[in-house]
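Residues per chain are reported as follows:
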Amino acid sequence: VGSEMCIRDRLRAFRRCGLYSDLKGTNYRVAARTDRGVSAIGQVVALDLVRAPELGELNATLPEDITVLSIAGVRPEFNPRTDSISKHYRYVCEIPPGFDLREAQRAAKLFEDEHDFRYFCKREPGKPTRGKFQYVGLTGRKLLTFDFVARAFLRQQVRRVVQALLDLGTGKLDMGELRSMLEGR
């Protein structure tokens, strides 16, 4: 389920439980957005409510494919998008024919640390393209699993890094080209 649908369903559940009456007064904040066709596990949401909710109460009003895992009180200014310590993004796809997993794993490690990701994100006017991956991992046999951990992600960053690693693993891109792109050249 995409995040927009989950957000709508959660908000309906909160209202049905009598936790708010007017959305504008809730100061609703969410940790991240997901692209169409992408699901979120462990999405963090913060909002001001008239009372503390019960976990069972919320889950009883949500669709079967959405579950609230936990509830915690936070300071009023807490923002799940900017105050997070890290976010974990997992991307899974089929292994392309002739894919060199070991070479792609070596290349994945190049993405760790801080870089200018201008070639690996959708550029947005006025927004920086520098970012830092704390961890990039790649495993697979029949399916490839790409894991990315960072404090924040740039728009379309993960899908573009995955595409670069797929291109490298299939020989469409070499390690030198990838290094140049990471250096912003």
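Coordinates for the structure precede this section.
For every chain, the first residue of its written sequence is number 1, and the numbers climb from 1 along that sequence. Local features in this predicted model are restricted to residues whose pLDDT is 70 or higher, and side-chain atom pairs enter the listing and the counts only when it is 80 or higher, whereas totals over whole chains, interfaces and linings include all residues. Side-chain measures here rest on the full set of heavy atoms in the structure, leaving out hydrogens and waters.

How do you make sense of the overall build of the protein when you look at a structure like this?
The secondary structure content of the protein amounts to five helices and six strands. Counting from the N terminus, the helices are the DSSP runs of H or I reaching at least four residues and the strands are the DSSP runs of E reaching at least two. Put simply, the protein runs from its N terminus to its C terminus through helices and strands in the order α-β-β-α-β-α-β-β-β-α-α. Partly exposed describes any residue whose relative accessible area lies between the buried limit of under 20% and the exposed limit of over 50%, with all areas from a 1.4 Å probe on protein chains only and scaled to the type maximum. Across the 185 residues of the protein, 36% fall into the buried class. Whether two residues touch is decided by their heavy atoms; if any such pair falls within 4.5 Å, the residues are in contact. Considering only intrachain contacts with a sequence separation of at least 6, the fraction spanning at least 24 residues in the protein is 63%. Summed over all atoms, the accessible surface of the protein reaches about 11500 Å², with 50% contributed by carbon and sulfur. A positive count includes Lys and Arg, and a negative count includes Asp and Glu. His and the chain ends are not counted in either. Every charge is mapped to an atom, namely NZ of Lys, CZ of Arg, CG of Asp or CD of Glu. Averaged over its 32 positive side-chain charges, the protein has a centre that lies 2 Å from the centre of its 24 negative ones. Areas reported here follow the Shrake-Rupley algorithm with a probe of radius 1.4 Å; residue values treat only the protein chains shown as occluding.

I'm lost on helix α3 (residues 101–110) in this one. Help?
Each turn of an α-helix holds 3.6 residues, which means side chains three or four residues apart point in the same direction. Of all the positions in α3, only A104, A107 and A108 are classed as buried. Angular distribution of buried residues about the axis of α3 spans 110°; they occupy a single face of the element. Set apart from the buried face of α3 by more than 90 degrees, the exposed residues are R102 and R106. Packing partners of the buried residues in α3 comprise β5 (130–140), α4 (157–169) and α5 (175–182). Among the residues of α3, the N-terminal cap falls to D100, whose side-chain oxygen and the backbone nitrogen of R102 are separated by 3.3 Å. Working note: the arc is built from the helix axis to C-beta atom directions. The term polar contact refers here to a pair of N or O atoms within 3.5 Å; inside protein, the definition further demands a hydrogen-donor-capable atom paired with an acceptor-capable atom, and it admits residues adjacent in sequence only when both atoms are side-chain atoms.

Got a minute to help me understand the environment of A13 in this structure?
Relative to the helices and strands, A13 is located in helix α1 (residues 3–16). Classification of A13 by relative accessible area gives buried; the value is 0%. With residues up to four places along the chain from it excluded, the contact list for A13 reads L58, T61 and L62.

Can you help me understand unusual backbone geometry in this one?
Excluding glycine, residues mostly have negative phi values, and the peptide bonds linking residues are mostly trans. Even without being a glycine, D113 presents a positive backbone phi close to 90°. Looking at where D113 falls in the secondary structure, it is placed in strand β4 (residues 113–116). Given a relative accessible area of 46%, D113 falls into the partly exposed group. With a phi close to 60°, Q156 is a non-glycine residue in the positive phi region. Along the chain, Q156 falls in the loop between β6 (143–150) and α4. Looking at Q156, the relative accessible area reads 22%, which means it is partly exposed.

What should I look at first to understand the sheet that holds β4 in this one?
Ordered by their spatial adjacency, four strands build an open sheet running β3-β6-β5-β4, and the pairing between neighbours is antiparallel. On the outer flanks of this sheet lie β3 (87–94) and β4, each paired with one strand and no other. Taking the axes of each pair of neighbouring strands and ignoring which way they run, one obtains an average angle of 35° across the sheet. Strands are treated as partners if at least two bridges between them are detected by DSSP. Here β3 runs beside β6; their pairing, made up of eight bridges, is antiparallel. Within the sheet, the bridge partner assigned to V92 lies in β6 and is T145. Helix axes are fitted to C-alpha atoms over the stretch in contact, other axes to C-alpha atoms as well, and angles between N-to-C directions run from 0 to 180 degrees. Each of β3, β5 and β6 is contacted by α4, which is oriented at about 135° to β6, the strand it contacts most.

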